[in-house]
Amino acid sequence: MPTPWFRRFRKAKQLAVHNLGETWGPAVDSALTKFNILGFPVKLVSEKNKDASQIVVKWSNGSETYPYIDGAKATANFDATKMHGQTSTLTDPKRWEIVFAVIFLPGKVTNITTEQKEIIIIHEFIHACGLDGGLGNGAWDKQGQDHDSVGIMVANMKVDGKGLIEYMPEKNAKAMPPIRVGARTICKLKQIWTDEGCPD
Ligand SMILES: [Zn+2]
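Residues numbered from 1 in each chain as written. Predicted model: local features only at pLDDT ≥ 70, side-chain atom pairs only at ≥ 80, totals over all residues. Heavy atoms only, no water.

Focus on the coordination of the zinc ion
So, step 1. All of the protein donors around the zinc ion are His84 (NE2), His123 (NE2), His127 (NE2) and His147 (NE2); their distances to the metal are 2.1 to 2.3 Å.
So, step 2. Here the donor residues of the zinc ion are spaced in sequence according to H-x38-H-x3-H-x19-H. Of this pair, histidine 123 sits in helix H3 (residues 114–128) while histidine 147 is found in the loop between H3 and strand S8 (157–160), placing the two residues 24 residues apart along the sequence.
So, step 3. Look at histidine 123 and you get buried, because its relative accessible area is 2%. (Donors = N, O, S within 2.8 Å, 3.2 Å for Na, K, Ca; no water. Helix = DSSP H or I, 4+ residues; strand = E, 2+ residues; numbered from the N terminus. Buried < 20%, exposed > 50% of the residue type's maximum accessible area, 1.4 Å probe, protein only.)

Notes on the environment of valine 154
So, step 1. Of note, valine 154 is situated in the loop between H3 and S8.
So, step 2. In contact with valine 154, not counting residues within four places along its chain, are His123, His147, Asp148, Ser149 and Glu166. (Contact = heavy atoms within 4.5 Å.)

Some remarks on the side chain of histidine 147
So, step 1. Taking the relative accessible area as the measure of exposure, histidine 147 reaches 18% and is therefore buried.
So, step 2. Sequence-distant contacts of histidine 147, that is, excluding residues within four places in its chain, are made with His84, His123, His127, Met153, Val154 and Ala155.

The following block contains the structure:
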């Protein structure tokens, strides 16, 4: 299940992103621009001041901690040689709403194109916007994580030319870019950012 963001950000329909991408930095900037033209009900803006941001995007070797706000820590524990990052959301325990998110990028992937980096970053941006697999009680669905069966939010992708494609693509599916977004992903974003429901 997706988790809504704290009310103030939900109303503004905007989240500020601080870029600590290092070698991935330019791809973080271009992915942010591309995210904003996908027609989602939330927009991202670039923020130079870390303390004024809601999402920090960080180059990672897959094993580290990063301070959230208020003394809490985000922990990266993933294989940074694979084409998938890790997003860690901090949730207000009184409301189960997200107040901060850290995106760890798979910094150890070799032979990666800018297009592939952008796909990975946009995927993690969508996790950070609330598709975090939260169960609404402080627990997380480690398997599903709000992944989709098609498009940008599939759990596993493989290299196809300069881009990426679903590990098990539908017939006639083409590699991304251009980014394809699954219907479940769109409706989950609408559910938490506009209060429109998802059809079951
Ligand atoms: Zn994912």
